[in-house]
2 protein chains.
Amino acid sequence: MASVTIYDVAARAEVSIKTVSRVMNNEPNVRPMMREKVLEAAQALGYSPNLSARSLAGSKSFVIAVFVDAALTIDHWRSERGADYLSRIQLGATLQCRDAGYHLLVELIDHEAPQIRQEVGALLAALKPDGVILTPPSSDNAIVLELLNKAGTPYVRLGPEEPDGPGPRVHMDNFAAARDVTEHLAALGHKRIGFVVGEPRHGASQARRAGYLAAMEARGLSVEEAWIRQGDFTFQSGHDAAKALLALPDRPTAIFASNDDMALGVLAAAAEAGVLVPGEVSVAGFDDSPSARFSRPQLTTVRQPVVEMAELATRMLIKGQVKGGAAGAMAEPIDELLPFELIHRASTAPPPVG
Amino acid sequence: MASVTIYDVAARAEVSIKTVSRVMNNEPNVRPMMREKVLEAAQALGYSPNLSARSLAGSKSFVIAVFVDAALTIDHWRSERGADYLSRIQLGATLQCRDAGYHLLVELIDHEAPQIRQEVGALLAALKPDGVILTPPSSDNAIVLELLNKAGTPYVRLGPEEPDGPGPRVHMDNFAAARDVTEHLAALGHKRIGFVVGEPRHGASQARRAGYLAAMEARGLSVEEAWIRQGDFTFQSGHDAAKALLALPDRPTAIFASNDDMALGVLAAAAEAGVLVPGEVSVAGFDDSPSARFSRPQLTTVRQPVVEMAELATRMLIKGQVKGGAAGAMAEPIDELLPFELIHRASTAPPPVG
DNA sequence: CTGAAAGCGCTTACAG
DNA sequence: CTGAAAGCGCTTACAG
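What you are looking at is a predicted structure, and each value in this text was computed from that prediction instead of being measured.

Engineer: Would you mind going over the relation of the copies chain A and chain B with me for this structure?
Structural biologist: Look at the two chain copies: a rotation about an axis and a shift along it is all it takes to match them. Structural alignment of chain A on chain B gives an RMSD of 0.0 Å, achieved by rotating through 180° and translating 0.0 Å along the axis. On the angle and the small slide along the axis, the relation comes out as a two-fold axis. Here 100% of the interface residues in chain A have copies in chain B that are interface residues too; the copies meet face to matching face.

In structure tokens form, the structure reads like this:
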């Protein structure tokens, strides 16, 4: 079927294509009557400007790309957390794109591949997106950031591991959130609080651990080395950590696992050991993943503003608030910190008396 | 930064742009030596053909779009199932796109909106994707299908509710899968098997229920009306259904919930009622969602080949195996049925003796 | 306020 | 096997 073009609309409205263009782009300097005629013709013909043509002729592509790690997605497509985090980001981004007449392109990036430079370079050259949303580990990938800067493509780093790095970023305060969870446990009366650390390569893991330690210190609570167990953000690692913690002679009365998958593992280990939650041990997680509500008891956890982060990043990109290339480097640094939320559910309670 | 164009490459390689075009598109009729020169120049310059220009000049856009329901995504972005199903589809599609140099565009469609016709029409006109992957409920939306046919855009219906409808489709056999689950329970020795029906508007709900009934009949097992409870695919509905089933005077020894969320609700209700799973009652689900492995006990369920379905659909679209518009209507009907897998886990066992 | 011309970076159809 | 010309459907820069 031959498509309807700007010429068809112009002919029907008896104006030049330039006027049609003005109307379609909401540009000024069109008499209301002309606008009416054009709109009418466009409507009647079912006209919608061709994106490729607009993109080729103009300076905007109406495309926002989101970079997602290929290995992470593939490895964890079965894992609750991975999929959920990324789909929330995509939801936020798509929502904002749709409202603004933009389109969201999902690009799988192989961050470990030797040819990443070429791959990403080709992507940017071929697509010329108006903006790129970087999800971890893209948010911290030096090559990706360099190519983006070189191409002059605006981007936003979502939840970067190194919040001090360069470039615009939207994230939340992992340190403060972990501190608040620990505070919450301490306020319930817990003094022996165990902690399960996340995957060590994730910056968030260190921030959360530091938040835990800071709260313990602020409360004047001592921390035994045995109370801190290394995990890797998986259910299994939480399970193993809890098994060890619960076997301690003077075991903790609360365990704070620094993500929900691990907290679920803690719950499972407790059930197997016949330890009541929260009667004998309180358990807290981090993420507010869907399964945090499907578990028994439901998990006390931290809700990350993931959808909101993606929405904000997308809006900033669409509105042109983020400058690319050299202009971006000159501009005022952008650093948006979004509020988290502590979700109190049934897995935390005061410690057993005696 | 001024981009590298086909002219730059042609100049450097000392050939015409047409030759560069031939090389970039792997067309025949280029002497190896010329090809070498062009490749070298392209490499040196970091050239990658501009997608918009290719799309505008040629007949291909190198874009595959996936249609996703807006309301469903928003309502269920917190729900395990919704997000997981869709992110698996996206994973499969993105994977195949990347391998073929295609790009995946995610479009949120508001299927309830009165202006859906205009919205989708505009989308197709603006994007001119080489193919569209339809996820439920797009797979069965008459307006979407009509517009796609009118635009001549090839599409694949993923897991359509009405498997008998027109157009190419990729799906799995819900009837056979539900039958197999029921068979599995019957083979374990269960005779009183309860069933929790899914959201009635989903075609899959009816197919699964029919599979359950067929297996019961084939086994010569009677089905009491009280054993079949209406659910809506949510945890809560599974919980409520199980509460009623477990309160029955001669309660079922097995409960087959037709998705995992509901099965998780059944598990929770059993735990609250002090009924052991699988000791006193067996529980089976459907979907193999991530939480099916995080539950205690882990769920016996059906693994849907969602990633595979998306991969197949995307490949068919990219390879041009699916024809659009009138050509599609003339072509041989495409109906790909992918195999499911019954996953035996700890939630099902023989019924209690006596 | 409106429009005629040029051009974005490619592919198509054709010529040699 | 190679290339010169035309054109895809828009926007930009400019003229009036």
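Picking up after the structure, the text goes on.
Engineer: Help me understand the protein's contact with DNA strand C, please; the structure alone is not making it clear to me.
Structural biologist: Inspection of the region around DNA strand C gives 26 residues, with Thr19, Arg22 and Arg31 of chain A together with Lys18 and Ser21 of chain B positioned closest. Restricting attention to atoms of DNA strand C within 4 Å of the protein, one finds that 62% of them are sugar or phosphate atoms. Between DNA strand C and the protein, one listed contact pairs a phosphate oxygen with a backbone N or O atom of Ile6 of chain B at 2.8 Å. Here Ser21 of chain B contributes a side-chain N or O atom positioned 2.5 Å from a phosphate oxygen of DNA strand C. When residues of the surface near DNA strand C are traced back to their parent elements, those giving at least two are helix 2 (17–24) and helix 4 (51–57) of chain A together with helix 1 (6–13), helix 2 (17–24) and helix 4 (51–57) of chain B. Split into classes, the residues belonging to the surface near DNA strand C amount to twelve nonpolar, nine polar and five charged.

Engineer: Mind showing me how you'd approach the nonpolar core here?
Structural biologist: Looking at soluble globular proteins, one finds that nonpolar side chains tend to be buried together. Phe67, Leu158 and Val170 of chain A together with Phe67, Leu158 and Val170 of chain B are the most contacted members of the largest nonpolar core, which totals 102 residues. Ignoring sequence-local partners within four residues, the contact set of Val170 of chain B consists of Val156, Arg157, Leu158, Gly159, Pro160, Met309, Leu312, Ala313, Met316, Glu336 and Leu338 of chain B.

Engineer: Hey, could you run me through the protein's contact with DNA strand D in this one?
Structural biologist: Around DNA strand D, the surrounding shell holds 26 residues, and the nearest of these are Lys18 and Ser21 of chain A together with Thr19, Arg22 and Arg31 of chain B. When atoms of DNA strand D within 4 Å of the protein are sorted by moiety, sugar and phosphate together comprise 62%. One of the side-chain N or O atoms of Thr19 of chain B is found 2.6 Å from a phosphate oxygen in DNA strand D. Note that a base oxygen of DNA strand D is positioned 3.3 Å from one of the backbone N or O atoms of Ala57 of chain B. Elements with a minimum of two residues in the surface near DNA strand D: helix 1 (6–13), helix 2 and helix 4 of chain A together with helix 2 and helix 4 of chain B. Residue composition of the surface near DNA strand D, by class: twelve nonpolar, nine polar and five charged.

Engineer: Is there a simple way to think about the sheet that holds strand 4 (residues 155–158) of chain A in this case?
Structural biologist: Hydrogen bonds between backbone atoms are what pair the strands of a sheet, whose relative direction is either parallel or antiparallel. An order of 11(A)-5(A)-4(A)-3(A)-1(A)-2(A)-2(B)-1(B)-3(B)-4(B)-5(B)-11(B) is seen for the twelve strands of this open sheet, with the pairing classed as mixed. Of all strands in the sheet, those bounded by a partner on one side alone are strand 11 (335–338) of chain A together with strand 11 (335–338) of chain B. For this sheet the average axis-to-axis angle between neighbouring strands, irrespective of direction, equals 20°. Pairing of strand 1 (residues 63–69) of chain B with strand 2 (residues 103–109) of chain B, which is carried by seven bridges, proceeds in the parallel orientation. Each residue of the ladder has a partner; that of Ala65 of chain B, found in strand 2 of chain B, is Leu105 of chain B. The sheet strands contacting helix 7 (residues 116–127) of chain A are strand 1 (63–69), strand 2 (103–109) and strand 3 (131–134) of chain A together with strand 2 of chain B, and the helix crosses strand 2 of chain A at an angle near 165°.

Engineer: When you look at the interface of chain A and chain B in this model, what are you seeing that I'm missing?
Structural biologist: As a measure of interface size, the accessible area lost when the parts come together is often cited. Of the residues lining the interface, 52 residues belong to chain A; the matching set on chain B comes to 52 residues. Summing both sides of the interface, chain A and chain B together bury roughly 4,700 Å²; the carbon and sulfur share of this comes to 64%. Applying the counting criterion to the chain A and chain B interface returns two salt bridges. Close ionic contact of Arg296 of chain A with Glu272 of chain B constitutes a salt bridge, the shortest N to O distance being 3.0 Å. Our enumeration of links across chain A and chain B arrives at 15 residue pairs in polar contact (both at pLDDT 80 or more). Elements with a minimum of two residues in the side of chain A that touches chain B: helix 4, helix 5 (70–75), helix 6 (80–100), strand 2, helix 7, helix 12 (260–273) and helix 13 (291–294) of chain A. Examining the composition of the side of chain A that touches chain B, we find that ten residues originate from one element, helix 6 of chain A, more than from any other. Residue composition of the side of chain A that touches chain B, grouped by class: 26 nonpolar, eleven polar and 15 charged. Pairing between strand 2 of chain A and strand 2 of chain B: three bridges, direction antiparallel. Following the sheet pairing, Val106 of chain A is matched in strand 2 of chain B by Leu104 of chain B.

Engineer: Hey, could you run me through unusual backbone geometry in this one?
Structural biologist: The phi angle of most residues is negative, glycine excepted, and most peptide bonds adopt the trans form. Residues and elements named next belong to chain A. A cis amide bond links Pro136 with the next residue in sequence, Pro137, at an omega value of 5°. Checked against the element boundaries, Pro137 lands in the loop between strand 3 and helix 8 (142–151). Here the residue pair Arg296 and Pro297 is connected by a cis peptide bond, since its omega of -10° sits within 30 degrees of zero. At Asn26, a position not held by glycine, the phi torsion is positive, near 55°.

Engineer: Teacher, can you tell me more about the packing of helix 9 (residues 174–187) of chain B against helix 10 (residues 203–218) of chain B here?
Structural biologist: Describing two packed helices takes the angle between their axes plus the distance from one axis to the other. Residue and element names in this part refer to chain B. Packing of helix 9 against helix 10 leaves a shortest axis separation of 7 Å and a crossing angle of 40°. One element, helix 9, and the other, helix 10, form an angle in the oblique class. Seen from above, helix 9 lies across helix 10 with right-handed handedness. Along the contact surface, helix 9 presents Asn174, Phe175, Ala178, Arg179, Thr182 and Glu183, while helix 10 presents Ala204, Ala207, Arg208, Ala210, Gly211, Tyr212, Ala214, Ala215 and Met216.

Engineer: Explanation requested: helix 11 (residues 235–246) of chain A in the structure shown.
Structural biologist: In an α-helix, one turn spans 3.6 residues; hence positions three or four apart end up facing the same way. Taking 1.5 Å per residue, twelve residues should reach 16 Å; helix 11 of chain A reaches 16 Å between its end C-alpha atoms and fits that length. Listing the buried residues of helix 11 of chain A in full gives Phe235, Ser237, Gly238, His239, Ala241, Ala242, Leu245 and Leu246 of chain A. Of the surrounding elements, those touching the buried residues of helix 11 of chain A are strand 6 (193–197), strand 7 (228–230), strand 8 (254–257) and helix 12 of chain A together with helix 13 (291–294) of chain B.

Engineer: I keep staring at the environment of Thr234 of chain A and nothing clicks. Help me out?
Structural biologist: Residues and elements named next belong to chain A. Tracing the sequence through the fold places Thr234 in the loop between strand 7 and helix 11. Spatially, the C-alpha atoms of Thr234 and Leu264 are 9.2 Å apart, while their sequence positions differ by 30 residues. Once residues within four sequence positions are removed from consideration, Thr234 is found in contact with Asp261 and Met262.

Engineer: Before we go on, may I ask you to explain the packing of helix 11 of chain A against helix 12 of chain A in this structure?
Structural biologist: Residues and elements named next belong to chain A. Interaxial distance between helix 11 and helix 12 falls to 7 Å at its minimum, and their mutual angle equals 45°. Here helix 12 runs oblique to helix 11, going by the angle between their axes. Note on packing geometry: the crossing formed by helix 11 with helix 12 is right-handed. For the pair helix 11 and helix 12, the contacting residues are Phe235, Ser237, Gly238, His239, Ala242, Lys243 and Leu246 in the first and Asp261, Met262, Leu264, Gly265, Val266, Ala268, Ala269, Ala270, Glu272 and Ala273 in the second.

About the cut-offs
- Residues numbered from 1 in each chain as written.
- Chains lettered and ligands numbered in written order.
- Predicted model: local features only at pLDDT ≥ 70, side-chain atom pairs only at ≥ 80, totals over all residues.
- Heavy atoms only, no water.
- Least-squares fit on C-alpha atoms with pLDDT ≥ 70 in both.
- Contact = heavy atoms within 4.5 Å.
- Near = heavy atom within 4 Å.
- Polar contact = N/O pair within 3.5 Å; in protein donor to acceptor, adjacent residues only side chain to side chain.
- Helix = DSSP H or I, 4+ residues; strand = E, 2+ residues; numbered from the N terminus.
- Nonpolar A, V, L, I, M, F, W, Y, C, P; charged D, E, K, R; others polar.
- Core = buried A, V, L, I, M, F, W, Y, C linked by side-chain atoms within 4.5 Å.
- Buried < 20%, exposed > 50% of the residue type's maximum accessible area, 1.4 Å probe, protein only.
- Pairing = 2+ DSSP bridges.
- Axes fitted to C-alpha atoms, helices over the stretch in contact; angles between N-to-C directions.
- Buried area = accessible area lost by both parts, 1.4 Å probe.
- Salt bridge = Lys/Arg side-chain N within 4 Å of Asp/Glu carboxyl O.
- Parallel < 35°, antiparallel > 145°, perpendicular 65-115°, else oblique.
- Left-handed = near helix turned anticlockwise from the far one by under 90°.
- Expected span 1.5 Å × (residues − 1).

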